[in-house]
Amino acid sequence: MEFLFDGPAGGKGAYNRIKALYSEYEKHKFKVSRRTSTHVHLDARHLSISEIGKILTTYSLCETILFGVVGRDREENVYCVPYYRADRSEPENMYVLFKRLYQLKDDAPVEKIGSLIYNSLSGSRKYSALNLGRLTSLGSLEFRQAPIFKTRTELRQWVNLLLSLSQYAYQRNTAEQ
């Protein structure tokens, strides 16, 4: 079973959706496994290439910490492969992604960013811990590494952590990174 929110939400709207999700979870006691996960989409439709680049740079520096937060067992999950585990010769590694990203002009539309990256990745692109292919289809960065949290508080904390990481990156001057 899959639960999808109806479009982007932030603030109180996101909180209410999480609350409703966990009400259903508690009512029906859904079973979860290692294969199940929580995907959080960060709306990137309004971001420039350099802003997305800042988020990817910050993410790449923090990816091991994020896996520490969600549980080290998630590192081995084939549905959320960390970039730091990618072979340097594989197109999924961050160096290749950054190189392709910075070849675009800063005013290029988000769909172009996603298309450039997505079309150059191999078949496992969808299962990266940070799925950049969603830039093309949804205009979002998809964070896939979280498990199904036992409580809505844990999920809210995870979402707030991702938002804080993105906000930090977004506000940084390139020279500061």
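Everything below is about the structure printed above this text.
Everything quoted here is computed from the prediction, not taken from an experiment.

Caption draft 1: Just the overall build of the protein chain, in detail. Of regular secondary structure, the protein chain possesses 6 helices and 3 strands. For the protein chain, the N- to C-terminal ordering of α and β elements is α-β-α-α-α-β-α-β-α. Looking at the protein chain as a whole, 40% of its 177 residues qualify as buried. Partitioning the contacts of the protein chain with sequence separation of at least 6, the portion at a separation of at least 24 is 67%.

Caption draft 2: Highlighting the nonpolar core. In this structure, Tyr59, Leu130, Leu132, Leu141, Phe143, Phe149 and Trp158 are the most contacted members of the largest nonpolar core, which totals 30 residues. Mapped onto this core, the elements with two or more residues apiece are α1 (11–28), β1 (38–43), α2 (49–70), β3 (140–146) and α6 (152–171). When residues in this core are grouped by element, the largest group, 7 residues, is from α2.

Caption draft 3: View of the environment of Ala129. Within the secondary structure layout, Ala129 lies in the loop between α4 (110–120) and β2 (130–131). Residue Ala129 is classed as buried on the basis of its relative accessible area, which comes to 0%. Considering only alpha carbons, one finds Ala129 and Cys80, 49 residues apart in sequence, at a separation of 4.0 Å. Excluding residues within four positions of it along the chain, Ala129 makes contact with Tyr59, Glu63, Phe67, Cys80, Val81, Pro82, Glu142, Phe143, Arg144 and Gln145.

Rules used in this analysis
- Residues numbered from 1 in each chain as written.
- Predicted model: local features only at pLDDT ≥ 70, side-chain atom pairs only at ≥ 80, totals over all residues.
- Heavy atoms only, no water.
- Helix = DSSP H or I, 4+ residues; strand = E, 2+ residues; numbered from the N terminus.
- Buried < 20%, exposed > 50% of the residue type's maximum accessible area, 1.4 Å probe, protein only.
- Contact = heavy atoms within 4.5 Å.
- Core = buried A, V, L, I, M, F, W, Y, C linked by side-chain atoms within 4.5 Å.

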